[in-house]
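# Chain and residue survey
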2 protein chains.
Amino acid sequence: MTSQSIKRLLLGRPLKTSEAEAEKMPMWKALPILSSDALSSVAYGTEMILLELATVGAFAFSFSIPIAIAIVLLIAILIISYRQVIDAYPQGGGAYMVAKENLGMMWGRLAGVSLLIDYTLTVAVSISAGVLAITSAFPSSVPYVVPIGLIFTWFMVWMNLRGTSESGNVFALPTYLFIFCMLILVGKGLFDWLTGAGHVTHQVTVPTGLPAGLTWFVLLKAFSSGCSAVTGIEAISNAVPHFRNPSQKNAKRTMLTLGILLAVIFGGVTVLSRAYDIHPDPTGTKSVLSMVTEDAFGRGGFFYIIQFATMAILVLAANTSFNGFPILSSIMAQDKNMPRMFSNRGDRLAFNYGIITLGILSSILLITFRGRTEALIPLYAIGVFLSFTMAQIGLVLKWRREKSAGWQRKAFINGLGGFVTFCVVIIFSITKFEEGAWIVVVITPLLLWLITKISKHYDNVAKQLKVELTEPIPTTETVIIVPVAGIHKVVLSTIAYAKALTPNVVAFYVAFSPEDAKKMEEKWEQWNPGVRLVVVVSRYRTLIKPLVEFIGRVEHRYGKDKKLTVLLPQFITHKWWHRLLHNQSAFRIRALLLNRKDVVVSTVPFHLND
Amino acid sequence: MTSQSIKRLLLGRPLKTSEAEAEKMPMWKALPILSSDALSSVAYGTEMILLELATVGAFAFSFSIPIAIAIVLLIAILIISYRQVIDAYPQGGGAYMVAKENLGMMWGRLAGVSLLIDYTLTVAVSISAGVLAITSAFPSSVPYVVPIGLIFTWFMVWMNLRGTSESGNVFALPTYLFIFCMLILVGKGLFDWLTGAGHVTHQVTVPTGLPAGLTWFVLLKAFSSGCSAVTGIEAISNAVPHFRNPSQKNAKRTMLTLGILLAVIFGGVTVLSRAYDIHPDPTGTKSVLSMVTEDAFGRGGFFYIIQFATMAILVLAANTSFNGFPILSSIMAQDKNMPRMFSNRGDRLAFNYGIITLGILSSILLITFRGRTEALIPLYAIGVFLSFTMAQIGLVLKWRREKSAGWQRKAFINGLGGFVTFCVVIIFSITKFEEGAWIVVVITPLLLWLITKISKHYDNVAKQLKVELTEPIPTTETVIIVPVAGIHKVVLSTIAYAKALTPNVVAFYVAFSPEDAKKMEEKWEQWNPGVRLVVVVSRYRTLIKPLVEFIGRVEHRYGKDKKLTVLLPQFITHKWWHRLLHNQSAFRIRALLLNRKDVVVSTVPFHLND
């Protein structure tokens with residue numbers, strides 16, 4: 001089986017470029033693929049708020065309601081704002097594009113880097129969280145957290161290498177199951193609350209003043225923790241071109257659907273957590289969501305279905321990143337802000353480099369942090385909110401510049417969103433700095449610097465390569481050097497080849513002793529192939545040093561106007577393992593010559609029969 | 001820091017071929033380097049005999065004396081025989097050479113393979129044993145048996161890559177310490193025994209008849225177990241050319257010294273074990289040698305010095321193999337019985353391939369058997385005794401053929417040795433088969449088959465390469481194909497280079513859409529470099545497939561008498577990491593073209609400034 005056919009078996013047949021349209025996503029596929037990240041956050045958003053408030057005391061729990069209202073408002077602002085992004089930038093790219101066009105390239109890079117970091121963290125966090133759900137169910141699997149996480153990660157790499165459309169099929173079902181379960185849960189719970197039925201024990205009140213012991217700082221911290229429920233929203237705006245036509249309209253609709261789902265589920269779960277008077281479990285054994293479910297339905301079959309759906313969507317949230325990261329890096333690569341190959345589509349039209357890079361980076365995170373979700377969470381969300389802020393500010397500038405109809409209203413919405421998300425960034429950076437946010441604060445400028453260097457390099461190369469169409473082709477002459485190891489068939493055919501190209505051919509032989517040198521010279525004279533032989537005696541047992549020295553001498557003699565070519569013969573073996581028996585140094589010599597000298601290195605194959 | 005200077009720091013400056021003489025070993029260095037394996041065996045030889053006899057009962061211990069006498073006689077026969085090997089084969093190679101010249105190539109290969117397997121096992125066994133000595137002293141290190149073993153292994157790889165002479169300096173001291181300690185121990189013990197002083201409690205008697213319960217089979221098994229004390233003797237005969245001149249005389253002297261040391265130490269320890277009436281500890285916590293030492297000197301400082309020296313020589317025994325394996329494989333490679341590179345000397349004149357191969361193979365053994373000495377021991381010694389047998393039989397045939405003075409005496413000694421060692425092989429294979437000897441019985445013929453294939457391949461290649469000095473150089477013509485990705489400096493210089501070599505130049509462009517194709521054709525016409533451009537539209541996003549197809553078309557058109565050359569431009573970057581930003585596919589295209597087609601692939605470097 002060849003490596004080609006193995007690849008085909010694993011990934012499917014290569015797709016034509018024209019098949020890209022068929023690979024594009026209808027809305028029903030786009031929603032699960034692009035929003036499992038955002039949806040999964042509601043599984044723990046309420047819990048994050050309650051845990052933060054619990055540090056002051058259970059009396060503070062009633063403040064979860066105004067905080068949830070603020071977050072739902074934030075979601076609304078972001079959804080409206082990102083629908084405006086889709087309108088303005090139908091080619092995708094989201095915050096990167098908006099920042100680049102309106103704030104300048106450096107800010108675009110910053111937005112891009114922030115998002116790329118966050119995508120990577122999302123994979124590690126959500127896979128860790130999903131694996132934890134499994135290990136809670138099966139404690140015997142605890143020692144295998146990292147291996148299980150790696151298997152999930154590379155399963156996603158594999159599915160995504162097969163192409164977006166197919167991975168959508170696999171990932172759609174669990175996402176819809178989760179949405180369905182959550183809507184049933186919120187519906188049943190709210191019905192109970194309004195009718196006073198079931199386990200509802202508590203009055204849901206909105207506090208009016210700040211009680212003693214509760215500070216604005218704690219409230220802001222709880223708010224920013226709850227904002228984790230908002231991460232992942234931007235994925236849709238990055239992926240507009242991947243929607244089936246009319247792509248802009250479909251993307252905006254998907255965005256709206258997602259916003260409503262987020263608001264209903266997150267808001268509903270938060271209200272229910274108050275109605276059932278749920279106190280978060282600081283040991284993390286029972287999640288707030290599971291306690292709400294238990295109070296609403298009891299510990300029956302539906303309880304376990306919800307548990308399963310939650311685990312599934314947590315793992316699938318990683319898939320949103322597997323879509324977002326490759327698309328964003330391909331857009332950045334087109335702008336020369338990432339290595340060029342990130343914009344190449346593979347056989348299956350997927351951006352293989354981005355997918356595999358994300359797999360490697362998140363595997364490193366999984367291994368380094370040993371799959372502990374709580375260690376990764378503080379690193380997470382800064383990047384997303386930084387990119388939110390830049391997208392919003394960028395749009396404000398755009399509206400102000402364009403001054404189209406109703407620009408003040410649009411600018412106000414975006415300005416508000418930009419202000420709020422910027423506050424979240426600041427609060428997050430300060431409150432979570434020691435818990436790990438400092439890593440992001442350090443890595444972001446480093447990556448920004450690297451990306452700037454990459455971009456500069458490509459600019460320099462473009463300058464060096466530029467050619468005027470009127471520039472004449474220079475005429476050069478060539479000297480061919482043929483290193484020989486004796487007199488045999490390969491030398492014969494290489495010399496014949498060289499003589500056909502130019503009369504300036506020199507054979508070069510390294511002898512390890514003077515006797516050896518003399519013998520070779522005599523044999524050469526007898527053979528008389530019409531090519532001069534230069535013999536050098538070397539006291540070391542290597543070809544490369546004398547060859548480099550000899551090239552230097554030839555260069556010196558002919559000056560720079562003659563181009564030097566070195567012919568290196570290479571055995572092409574019939575069976576793969578025969579390769580191990582030949583040519584161990586040819587590869588090294590080739591690389592060294594190309595790097596050290598301005599010579600053309602030609603590989604002349606000699607196909608062995610057996 | 002370049003990789004060159006790192007290499008220099010680790011391994012030292014490169015040595016000239018003429019410095020090989022200075023790298024050769026004087027006797028005082030050769031003894032520790034080449035005989036630590038054999039010497040270390042006496043640390044456990046007596047114990048192996050007693051453990052085997054203990055399976056019947058303590059009454060059988062008195063039979064250790066006649067068994068030890070038999071083994072000392074065997075040592076004498078082997079030493080005499082191998083001194084004859086040195087005389088007959090001063091170029092080294094030992095059993096391999098003797099068997100090859102007198103029994104034929106296949107038997108030579110068998111002897112060579114057996115020895116190579118045994119060298120590998122020796123490294124694994126003696127390093128495991130040495131590490132066990134450490135872990136017995138520091139029980140907390142038990143979980144790190146394999147990592148410690150690997151560190152020792154690769155320390156030896158490193159020392160040996162630096163060259164024989166320097167590694168001799170490091171390894172000489174512990175070996176001499178061990179010899180010194182053993183001679184003191186045996187001297188003190190025998191003095192006590194003869195004068196009846198110290199802890200001597202027991203009469204040492206030689207039994208005259210076979211008591212009930214003891215069978216000849218058990219005695220033979222004990223004898224073959226004790227024969228482990230004999231392994232390693234052959235190393236000196238393989239390494240004759242590595243001795244300082246007069247190398248033959250020095251090697252023979254070293255052989256004699258080793259024989260006397262082995263006989264005295266092994267015989268002495270066995271006699272003392274009887275005199276002190278020592279019973280082996282079946283749990284392996286206390287070695288027989290340590291019990292003898294304790295009875296002779298008490299548990300004082302000298303006791304611990306001997307323990308340390310024992311541990312050191314067990315680890316160093318591996319070094320004998322690090323000398324033997326590379327030398328033997330280089331000799332076999334010269335006969336085309338091993339891949340060619342095993343005969344290349346590295347910068348420091350060491351046979352790097354052999355040293356590193358041995359390091360890898362023994363690391364695999366260490367990891368697979370998790371460093372358990374007792375699991376490896378039954379695999380060990382078959383190979384050595386098989387090679388002994390073949391060397392002896394080979395010499396018998398040689399003496400019979402040459403019929404020089406006193407040939408009958410020489411042939412009798414070798415014949416006796418051959419018979420005895422062959423018996424050991426048979427007994428060993430049968431009695432240890434289930435304990436692991438079967439692995440060797442399976443692997444040896446497999447390796448023999450592989451080596452025969454390698455040898456056949458080299459013969460075939462030599463036949464294919466053979467050229468008569470009268471053969472004329474054929475005249476060929478060349479067509480050059482220049483794949484282009486656009487119009488820029490690299491294309492300009494590549495086309496200029498191609499035009500200088502031949503008028504038959506075709507540029508080749510893969511367009512990903514018909515519009516792209518048209519645009520390129522128009523631009524090319526405007527530029528007009530005097531070279532025809534062929535444009536192909538591909539619906540896949542790869543260069544390689546259309547290029548291979550195009551080459552096929554050109555081949556078809558010109559027939560086989562024109563040689564095709566493909567010019568591939570390659571960016572040579574200034575900084576190493578810039579390389580990651582270019583040329584990801586050039587390497588793959590080059591390899592594919594060379595393997596699939598009979599074309600010359602030329603790499604035209606374009607050196608980027610930044």
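Presented here is a report on the structure given in the accompanying data block. (Residues numbered from 1 in each chain as written. Chains lettered and ligands numbered in written order. Predicted model: local features only at pLDDT ≥ 70, side-chain atom pairs only at ≥ 80, totals over all residues. Heavy atoms only, no water.)

Quick look at helix α13 (residues 301-334) of chain A now. The end-to-end C-alpha distance of α13(A), which contains 34 residues, comes to 50 Å, matching closely the 50 Å that a straight helix rising 1.5 Å per residue would cover. Positive backbone phi, at 65 degrees, marks A:K336, one or two positions downstream of α13(A). (Helix = DSSP H or I, 4+ residues; strand = E, 2+ residues; numbered from the N terminus. Expected span 1.5 Å × (residues − 1).)

This part is about the pairing of strand β5 (residues 599-607) of chain B. Burial within β5(B) is extensive, with eight of its nine residues counted as buried. As paired strands, strand β5 (residues 599-607) of chain A and β5(B) are joined by three bridges and run antiparallel to one another. Residue pairing across strands places A:T603 opposite B:V601, the latter belonging to β5(B). (Buried < 20%, exposed > 50% of the residue type's maximum accessible area, 1.4 Å probe, protein only. Pairing = 2+ DSSP bridges.)

Now for a nonpolar patch on the surface. The grouping of A:F433, A:W438, A:V441, A:V442, A:I443, A:L446, A:L447, A:W449 and A:L450 at the surface amounts to a nonpolar patch, some 820 Å² of accessible area in total. Checked against the element boundaries, A:L450 lands in helix α18 (residues 433-465). (Patch = residues over 30% accessible without salt bridge, like charges linked within 9 Å, V, L, I, M, F, W, Y side chains within 5 Å. Areas by Shrake-Rupley, 256 points an atom, 1.4 Å probe, with all protein chains shown as cover. Salt bridge = Lys/Arg side-chain N within 4 Å of Asp/Glu carboxyl O.)

Moving on to the relation of the copies chain A and chain B. One copy of the chain maps onto the second through a rotation around an axis plus a translation along that axis. The transformation that overlays chain A on chain B combines an axial shift of 0.1 Å with a rotation of 179 degrees, and the residual RMSD is 0.2 Å. On the angle and the small slide along the axis, the relation comes out as a two-fold axis. When C-alpha positions in chain A are compared against the rotation axis, the closest is assigned to A:S602, at 1.9 Å. An overlap of 99% is found between the interface residues of chain A and their copies at the interface of chain B, pointing to a shared contact surface. (Least-squares fit on C-alpha atoms with pLDDT ≥ 70 in both. Contact = heavy atoms within 4.5 Å.)

Take the interface of chain A and chain B next. Accessible area lost upon the coming together of the parts is a frequently used measure of interface size. Contacts between the two partners involve 79 residues from chain A and, on the opposite side, 78 residues from chain B. For the pair chain A and chain B, the interface holds zero salt bridges. One can count 10 residue pairs in polar contact (both at pLDDT 80 or more) joining chain A with chain B. If you list the elements that add at least two residues to the side of chain A that touches chain B, you get α18, α19 (489-501), α20 (514-527), β4 (562-572), α22 (586-596) and β5 of chain A. Of the residues contributing to the side of chain A that touches chain B, the split by class is 41 nonpolar, 19 polar and 19 charged. (Polar contact = N/O pair within 3.5 Å; in protein donor to acceptor, adjacent residues only side chain to side chain. Nonpolar A, V, L, I, M, F, W, Y, C, P; charged D, E, K, R; others polar.)

Bringing the pairing of strand β1 (residues 477-483) of chain A into the picture now. Residues and elements named next belong to chain A. For β1, a buried count of six out of seven residues is recorded, marking the element as mostly surrounded by other parts of the structure. As judged from the five bridges shared by β1 and β4, these two strands associate in the parallel manner. Its bridge partner being in β4, I480 is matched across the sheet by T565. Where β1 and strand β2 (residues 505-511) come together, four bridges link them in parallel fashion. Pairing of P483 across the sheet is with F508, part of β2. The β-α-β motif built from β1, the intervening α19 and the parallel element β2 has right-handed crossover chirality. (Right-handed = clockwise from strand over helix to strand, strands pointing away.)

Glancing now at the sheet that holds strand β3 (residues 532-537) of chain A. Taken together, 10 strands build an open sheet; the order of strands is β3(A)-β2(A)-β1(A)-β4(A)-β5(A)-β5(B)-β4(B)-β1(B)-β2(B)-β3(B) and the sheet is mixed. Both outer strands of the open sheet, β3 of chain A together with β3 (532-537) of chain B, are each paired with one neighbouring strand and no more. Sheet twist, expressed as the mean angle between neighbouring strand axes with direction ignored, is 25 degrees. With nine bridges joining them, strand β4 (residues 562-572) of chain B and β5(B) adopt parallel strand pairing. Pairing of B:L567 across the sheet is with B:S602, part of β5(B). Contacting β4 and β5 of chain A together with β4 and β5 of chain B, helix α22 (residues 586-596) of chain B crosses the sheet at an angle of about 160 degrees to β5(B). (Axes fitted to C-alpha atoms, helices over the stretch in contact; angles between N-to-C directions.)

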